[in-house]
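If you want the building blocks of each chain, they are given just below.
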Amino acid sequence: MDRGLWRYSRHPNYFGEACVWWGFWLIALAAGAGWTTAWTLFSPILMTFLLLKVSGVALLEKDIAQRRPAYRDYMARTSAFLPWLPRREAQ
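None of these values were measured; they are calculated from a predicted model.

Chemist: Pulling in residues and values, what's your account of helix α3 (residues 42–54)?
Modeler: Listed in full, the buried residues belonging to α3 are Pro44, Met47, Thr48 and Leu51. Buried positions in α3, seen along its axis, are confined to an arc of 100° and lie on one side of it. In this structure, α3 carries Phe42 and Lys53 as exposed residues pointing more than 90 degrees from its buried face. In the core, the buried residues of α3 are packed alongside α1 (12–30), α2 (37–40) and α4 (57–60).

See below:
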């Protein structure tokens, strides 16, 4: 799938979930909890790490390039997590 959001990110759903957690952090920051706001950073950092390195992107892409050769080209031109313009294909 390389249309819509999947043209710009291989995992826009994981990016969206990370944005939700960072949004919760912004709400906590706006609540003005003082020095305890530093503790609220733990959740979005942990969730972003898990989505990128443990249960999300890393787990899904561990062996997919071997099982689906066309996915390797998709990986070469599309950002894994952050939505970004596709890279040009080598000619």
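Chemist: Kindly report on the layout of surface pockets, identifying the contributing residues and their values.
Modeler: Taken as a whole, the largest pocket holds about 150 Å³ of empty space. Around the largest pocket, the lining residues are Met1, Asp2, Trp6, Arg68, Ala70, Tyr71, Tyr74 and Arg77. When grouped by side-chain class, the residues that make up the lining of the largest pocket number 5 nonpolar, no polar and 3 charged.

Chemist: Before we move on, can you summarise the confidence of the model for the chain with the specific residues and values?
Modeler: For the chain, per-residue confidence averages 88 on the pLDDT scale, and 93% of positions sit at 70 or higher. Here α2 is the element of the chain with the lowest mean pLDDT, 77, and α3 is the one with the highest, 95.

Chemist: A description of the environment of Leu5 should follow, citing residues and the corresponding values.
Modeler: Considering the arrangement of structural elements, one finds Leu5 in the segment before α1. Under the relative-accessibility criterion, Leu5 is labelled exposed at 55%.

Chemist: Outline a nonpolar patch on the surface, listing residues and values.
Modeler: Among the surface-exposed residues, Phe42, Leu46, Phe49 and Val54 lie close enough to one another that they form a single nonpolar patch of about 390 Å² accessible area. On the basis of relative accessible area, Phe42 is assigned to the exposed category, the value being 56%.

Chemist: Describe in detail α1, supporting the description with residues and values.
Modeler: Counted at 1.5 Å a residue, the expected span for α1 with its 19 residues is 27 Å, and the 26 Å between its end C-alpha atoms agrees. Buried residues of α1: Pro12, Tyr14, Ala18 and Trp25, and no others. Taken around the axis of α1, the buried residues stretch over an arc of 150°, which confines them to a single face. Within α1, the exposed residues directed more than 90 degrees away from the buried face are Ile27 and Ala30. Its buried side turned inward, α1 meets α2, α3 and α4. With its phi angle positive at about 70°, Gly32 sits one or two positions after the end of α1.

Basis of the calculations
Residues numbered from 1 in each chain as written. Predicted model: local features only at pLDDT ≥ 70, side-chain atom pairs only at ≥ 80, totals over all residues. Heavy atoms only, no water. Buried < 20%, exposed > 50% of the residue type's maximum accessible area, 1.4 Å probe, protein only. Helix = DSSP H or I, 4+ residues; strand = E, 2+ residues; numbered from the N terminus. Arc of directions from axis to C-beta. Contact = heavy atoms within 4.5 Å. 1 Å grid on protein atoms, 1.4 Å probe; cavity = no way out; pocket = protein on both sides within 12 Å on 5 of 7 lines; lining within 4 Å. Points joined across faces, edges and corners; volume = space filled by probe spheres on them. Nonpolar A, V, L, I, M, F, W, Y, C, P; charged D, E, K, R; others polar. pLDDT = per-residue confidence, 0-100. Patch = residues over 30% accessible without salt bridge, like charges linked within 9 Å, V, L, I, M, F, W, Y side chains within 5 Å. Areas by Shrake-Rupley, 256 points an atom, 1.4 Å probe, with all protein chains shown as cover. Salt bridge = Lys/Arg side-chain N within 4 Å of Asp/Glu carboxyl O. Expected span 1.5 Å × (residues − 1).

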